[in-house]
Amino acid sequence: MASLRSFFNSPVGPKTTHFWGPIANWGVVIAGLMDMKKPHDMISGNMTGVMCIYSVLFMRFAWMVQPRNYLLLSCDASNEAVQLIQLSRWAKGNGYLGQKKDEAAPQ
Amino acid sequence: MATSKLQALWNHPAGPKTIHFWAPTFKWGISIANIVDFAKPPEKLSYPQQIAVTATGVIWSRYSTVITPKNWNLFSVNVAMAGTGIYQLSRKIQHDYFAEKQAVVAKE
(Lines give C-alpha, C1' and ligand atoms only; values in the text may rest on other atoms or scores of the structure.)
Protein backbone atom coordinates (compact mmCIF):
# COMPACT_ATOMS: atom_id res chain seq x y z
CA MET A 1 0.00 0.00 0.00
CA ALA A 2 2.77 2.42 0.93
CA SER A 3 4.54 1.99 -2.41
CA LEU A 4 1.25 2.53 -4.26
CA ARG A 5 0.68 5.68 -2.29
CA SER A 6 4.18 6.95 -2.98
CA PHE A 7 3.68 6.26 -6.69
CA PHE A 8 0.32 8.04 -6.62
CA ASN A 9 1.98 11.15 -5.19
CA SER A 10 5.20 10.97 -7.22
CA PRO A 11 6.20 13.59 -9.80
CA VAL A 12 5.53 11.04 -12.55
CA GLY A 13 2.39 9.63 -10.98
CA PRO A 14 -1.28 9.64 -12.04
CA LYS A 15 -1.84 13.17 -10.77
CA THR A 16 0.52 14.47 -13.45
CA THR A 17 0.58 14.67 -17.21
CA HIS A 18 3.93 12.83 -17.16
CA PHE A 19 1.77 9.78 -16.49
CA TRP A 20 -1.20 10.46 -18.77
CA GLY A 21 0.85 11.44 -21.82
CA PRO A 22 2.46 7.99 -22.02
CA ILE A 23 -0.85 6.32 -21.12
CA ALA A 24 -2.36 8.03 -24.17
CA ASN A 25 0.51 6.69 -26.26
CA TRP A 26 -0.34 3.16 -25.16
CA GLY A 27 -3.53 3.79 -27.15
CA VAL A 28 -1.42 3.79 -30.30
CA VAL A 29 0.06 0.41 -29.29
CA ILE A 30 -3.38 -1.03 -28.54
CA ALA A 31 -4.71 0.32 -31.84
CA GLY A 32 -1.83 -1.43 -33.57
CA LEU A 33 -2.58 -4.72 -31.78
CA MET A 34 -6.27 -4.46 -32.70
CA ASP A 35 -5.32 -3.85 -36.31
CA MET A 36 -3.13 -6.96 -36.51
CA LYS A 37 -6.12 -9.10 -37.45
CA LYS A 38 -7.28 -6.78 -40.19
CA PRO A 39 -6.49 -7.43 -43.85
CA HIS A 40 -3.20 -5.93 -44.96
CA ASP A 41 -4.78 -3.41 -47.30
CA MET A 42 -6.21 -1.65 -44.26
CA ILE A 43 -2.64 -0.89 -43.11
CA SER A 44 -1.23 2.48 -44.03
CA GLY A 45 2.37 1.98 -45.18
CA ASN A 46 3.05 5.69 -44.66
CA MET A 47 1.81 5.82 -41.08
CA THR A 48 3.35 2.51 -40.03
CA GLY A 49 6.77 3.34 -41.48
CA VAL A 50 6.75 6.74 -39.79
CA MET A 51 5.73 5.14 -36.49
CA CYS A 52 8.71 2.78 -36.61
CA ILE A 53 11.20 5.66 -36.79
CA TYR A 54 9.19 7.80 -34.40
CA SER A 55 9.14 5.15 -31.67
CA VAL A 56 12.91 4.76 -31.70
CA LEU A 57 13.38 8.53 -31.40
CA PHE A 58 10.94 8.76 -28.53
CA MET A 59 12.57 5.90 -26.65
CA ARG A 60 15.65 8.14 -26.56
CA PHE A 61 13.54 11.17 -25.69
CA ALA A 62 11.89 9.34 -22.77
CA TRP A 63 15.35 8.48 -21.45
CA MET A 64 16.69 12.05 -21.71
CA VAL A 65 13.68 14.12 -20.66
CA GLN A 66 13.30 15.52 -17.16
CA PRO A 67 11.83 13.70 -15.32
CA ARG A 68 13.04 10.45 -16.94
CA ASN A 69 9.99 8.58 -18.12
CA TYR A 70 10.15 4.77 -18.01
CA LEU A 71 6.46 4.44 -18.79
CA LEU A 72 6.99 6.29 -22.06
CA LEU A 73 10.13 4.27 -22.76
CA SER A 74 8.29 0.96 -22.37
CA CYS A 75 5.36 2.24 -24.43
CA ASP A 76 7.57 3.24 -27.33
CA ALA A 77 9.56 0.00 -27.18
CA SER A 78 6.27 -1.92 -27.45
CA ASN A 79 5.03 0.33 -30.22
CA GLU A 80 8.24 -0.24 -32.14
CA ALA A 81 7.63 -3.99 -32.02
CA VAL A 82 3.96 -3.72 -33.00
CA GLN A 83 4.62 -1.27 -35.85
CA LEU A 84 7.45 -3.38 -37.24
CA ILE A 85 5.14 -6.39 -37.34
CA GLN A 86 2.45 -4.33 -39.08
CA LEU A 87 5.02 -2.97 -41.51
CA SER A 88 6.14 -6.46 -42.42
CA ARG A 89 2.51 -7.53 -42.92
CA TRP A 90 1.96 -4.54 -45.19
CA ALA A 91 5.18 -5.17 -47.11
CA LYS A 92 4.37 -8.83 -47.55
CA GLY A 93 0.82 -8.06 -48.65
CA ASN A 94 2.06 -5.56 -51.21
CA GLY A 95 4.68 -7.89 -52.64
CA TYR A 96 7.74 -6.11 -51.30
CA LEU A 97 9.07 -9.16 -49.46
CA GLY A 98 10.12 -11.81 -51.98
CA GLN A 99 7.77 -14.76 -52.37
CA LYS A 100 9.14 -18.23 -51.78
CA LYS A 101 7.06 -19.86 -54.50
CA ASP A 102 7.70 -19.11 -58.15
CA GLU A 103 4.75 -16.77 -58.58
CA ALA A 104 4.60 -13.89 -60.99
CA ALA A 105 4.36 -10.79 -58.83
CA PRO A 106 2.00 -8.11 -60.18
CA GLN A 107 4.12 -5.36 -61.75
CA MET B 1 22.72 40.29 -34.03
CA ALA B 2 21.18 37.60 -36.18
CA THR B 3 24.16 35.30 -35.56
CA SER B 4 23.83 35.52 -31.80
CA LYS B 5 20.12 34.69 -31.98
CA LEU B 6 20.87 31.76 -34.24
CA GLN B 7 23.59 30.71 -31.83
CA ALA B 8 21.12 30.91 -28.96
CA LEU B 9 18.72 28.64 -30.86
CA TRP B 10 21.52 26.26 -31.82
CA ASN B 11 22.58 25.92 -28.18
CA HIS B 12 19.06 25.81 -26.74
CA PRO B 13 18.36 22.92 -24.33
CA ALA B 14 15.63 21.81 -26.76
CA GLY B 15 17.72 22.70 -29.81
CA PRO B 16 19.04 20.77 -32.82
CA LYS B 17 21.93 19.17 -30.89
CA THR B 18 19.45 17.29 -28.69
CA ILE B 19 16.83 14.57 -28.95
CA HIS B 20 14.41 17.17 -27.56
CA PHE B 21 14.55 18.67 -31.03
CA TRP B 22 14.75 15.67 -33.34
CA ALA B 23 12.08 13.52 -31.76
CA PRO B 24 9.34 16.18 -32.07
CA THR B 25 10.63 17.26 -35.50
CA PHE B 26 10.25 13.71 -36.73
CA LYS B 27 6.84 13.47 -35.12
CA TRP B 28 5.65 15.86 -37.83
CA GLY B 29 5.96 12.78 -40.03
CA ILE B 30 2.91 11.31 -38.31
CA SER B 31 0.78 14.35 -39.16
CA ILE B 32 2.19 14.40 -42.70
CA ALA B 33 1.45 10.70 -43.12
CA ASN B 34 -2.07 11.37 -41.92
CA ILE B 35 -2.48 14.30 -44.32
CA VAL B 36 -1.32 12.08 -47.20
CA ASP B 37 -3.95 9.60 -46.01
CA PHE B 38 -6.67 12.27 -46.37
CA ALA B 39 -6.88 10.94 -49.93
CA LYS B 40 -7.60 7.39 -48.75
CA PRO B 41 -11.19 6.19 -48.99
CA PRO B 42 -12.81 6.26 -45.52
CA GLU B 43 -13.41 2.50 -45.57
CA LYS B 44 -9.66 2.03 -45.37
CA LEU B 45 -9.21 4.22 -42.30
CA SER B 46 -8.76 2.66 -38.90
CA TYR B 47 -10.93 3.90 -36.02
CA PRO B 48 -8.57 2.62 -33.32
CA GLN B 49 -5.57 4.29 -34.94
CA GLN B 50 -7.22 7.65 -35.54
CA ILE B 51 -8.73 7.75 -32.04
CA ALA B 52 -5.29 6.96 -30.62
CA VAL B 53 -3.63 9.68 -32.74
CA THR B 54 -6.23 12.26 -31.66
CA ALA B 55 -6.12 11.38 -27.95
CA THR B 56 -2.33 11.30 -27.96
CA GLY B 57 -2.18 14.70 -29.69
CA VAL B 58 -4.50 16.33 -27.19
CA ILE B 59 -2.85 14.94 -24.07
CA TRP B 60 0.69 15.53 -25.29
CA SER B 61 -0.06 19.15 -26.10
CA ARG B 62 -0.43 19.55 -22.34
CA TYR B 63 2.56 17.29 -21.54
CA SER B 64 4.96 19.35 -23.62
CA THR B 65 4.33 22.44 -21.51
CA VAL B 66 5.21 20.76 -18.20
CA ILE B 67 8.34 18.82 -19.04
CA THR B 68 11.89 20.07 -18.72
CA PRO B 69 12.89 21.61 -21.05
CA LYS B 70 9.53 23.06 -22.07
CA ASN B 71 9.08 22.07 -25.68
CA TRP B 72 7.03 24.27 -28.03
CA ASN B 73 8.10 22.22 -31.04
CA LEU B 74 6.51 19.19 -29.38
CA PHE B 75 3.46 21.25 -28.43
CA SER B 76 2.80 22.42 -31.99
CA VAL B 77 3.30 18.99 -33.52
CA ASN B 78 0.80 17.45 -31.12
CA VAL B 79 -1.77 20.14 -31.83
CA ALA B 80 -1.36 19.31 -35.53
CA MET B 81 -1.65 15.56 -34.83
CA ALA B 82 -4.88 16.06 -32.92
CA GLY B 83 -6.16 18.17 -35.81
CA THR B 84 -5.43 15.58 -38.50
CA GLY B 85 -6.83 12.80 -36.30
CA ILE B 86 -10.08 14.70 -35.73
CA TYR B 87 -10.41 15.36 -39.45
CA GLN B 88 -9.87 11.70 -40.36
CA LEU B 89 -12.36 10.60 -37.70
CA SER B 90 -14.97 13.03 -39.01
CA ARG B 91 -14.43 11.71 -42.56
CA LYS B 92 -14.89 8.12 -41.47
CA ILE B 93 -17.88 8.83 -39.20
CA GLN B 94 -19.56 10.82 -41.92
CA HIS B 95 -19.02 7.98 -44.38
CA ASP B 96 -20.16 5.24 -42.01
CA TYR B 97 -23.18 6.90 -40.44
CA PHE B 98 -24.36 9.69 -42.69
CA ALA B 99 -23.61 8.61 -46.23
CA GLU B 100 -25.31 5.22 -45.96
CA LYS B 101 -28.77 6.59 -46.60
CA GLN B 102 -27.69 8.03 -49.94
CA ALA B 103 -26.02 4.75 -50.95
CA VAL B 104 -29.15 2.75 -50.05
CA VAL B 105 -31.36 5.10 -52.03
CA ALA B 106 -29.03 4.89 -55.04
CA LYS B 107 -29.18 1.09 -55.05
CA GLU B 108 -32.98 0.97 -55.17
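Residues numbered from 1 in each chain as written. Chains lettered and ligands numbered in written order. Predicted model: local features only at pLDDT ≥ 70, side-chain atom pairs only at ≥ 80, totals over all residues. Heavy atoms only, no water.

A. A look at unusual backbone geometry. Cis rather than trans, the peptide bond between Gln 66 of chain A and Pro 67 of chain A has omega equal to -10°. Here Pro 67 of chain A is to be found in the loop between helix H3 (45-64) and helix H4 (70-93). Following Thr 68 of chain B, the chain continues into Pro 69 of chain B via a peptide bond in cis, with omega recorded as -10°. (Helix = DSSP H or I, 4+ residues; strand = E, 2+ residues; numbered from the N terminus.)

B. Inspection of the interface of chain B and chain A at higher detail. Facing the 33 residues of chain B at the interface are 32 residues of chain A. Between chain B and chain A we count 1 salt bridge in total. Here Lys 44 of chain B makes a salt bridge to Asp 41 of chain A, at a shortest N to O gap of 3.6 Å. Counting across the chain B and chain A interface gives 10 residue pairs in polar contact (both at pLDDT 80 or more). Elements represented by at least two residues in the side of chain B that touches chain A include exactly helix H2 (19-36) and helix H3 (47-63) of chain B. Of all the elements, H2 of chain B adds the most residues to the side of chain B that touches chain A, at 12 residues. (Contact = heavy atoms within 4.5 Å. Salt bridge = Lys/Arg side-chain N within 4 Å of Asp/Glu carboxyl O. Polar contact = N/O pair within 3.5 Å; in protein donor to acceptor, adjacent residues only side chain to side chain.)

C. Just a nonpolar patch on the surface, in detail. Residues and elements named next belong to chain A. Judged by side-chain polarity, Trp 63, Met 64 and Tyr 70 come together as a nonpolar surface patch covering roughly 310 Å² of accessible area. Considering the arrangement of structural elements, one finds Met 64 in helix H3. With relative accessibility at 32%, the residue Met 64 sits in the partly exposed group. (Patch = residues over 30% accessible without salt bridge, like charges linked within 9 Å, V, L, I, M, F, W, Y side chains within 5 Å. Areas by Shrake-Rupley, 256 points an atom, 1.4 Å probe, with all protein chains shown as cover. Buried < 20%, exposed > 50% of the residue type's maximum accessible area, 1.4 Å probe, protein only.)

D. The arrangement of the pattern of salt bridges in detail. All names here are of chain B. All chains considered together, the criterion is met by 3 salt bridges over all chains. Lys 92 serves as the salt-bridge partner of Asp 96, at 4.0 Å between the closest nitrogen and oxygen. Of this pair, Asp 96 and Lys 92 both sit in helix H4 (residues 72-98), 4 residues apart, which is roughly one turn of that helix. Each member of the pair, Asp 96 together with Lys 92, is buried.

E. Spotlight on the packing of aromatic side chains. Tallied over the full model, the rule gives 11 aromatic pairs over all chains. Between Trp 90 of chain A and Tyr 96 of chain A, the ring centres sit 5.3 Å apart and the planes meet at 35°, which makes this aromatic pair tilted. Here the aromatic rings of Phe 38 of chain B and Tyr 87 of chain B are separated by 4.5 Å at their centres, their planes lie at 65°, and the arrangement is edge-to-face. Separated by 49 residues along the polypeptide, Phe 38 of chain B in the loop between H2 and H3 and Tyr 87 of chain B in helix H4 bring together distant segments of the chain. We classify Tyr 87 of chain B as partly exposed; its relative accessible area is 43%. What links up through ring pairs into an aromatic cluster is the set Tyr 54, Phe 58 and Phe 61 of chain A together with Trp 60 and Tyr 63 of chain B. Its guanidinium or amino end placed over the ring of Trp 60 of chain B, Lys 27 of chain B lies 4.5 Å from that ring's centre, counting from NZ or CZ. If you follow Lys 92 of chain B out to its NZ or CZ, it ends over the ring of Tyr 47 of chain B, 5.1 Å from the centre. (Phe/Tyr/Trp six-rings, centres within 6.5 Å; stacked < 30°, edge-to-face > 60°. Lys NZ or Arg CZ within 6 Å of the ring centre and 35° of its normal.)

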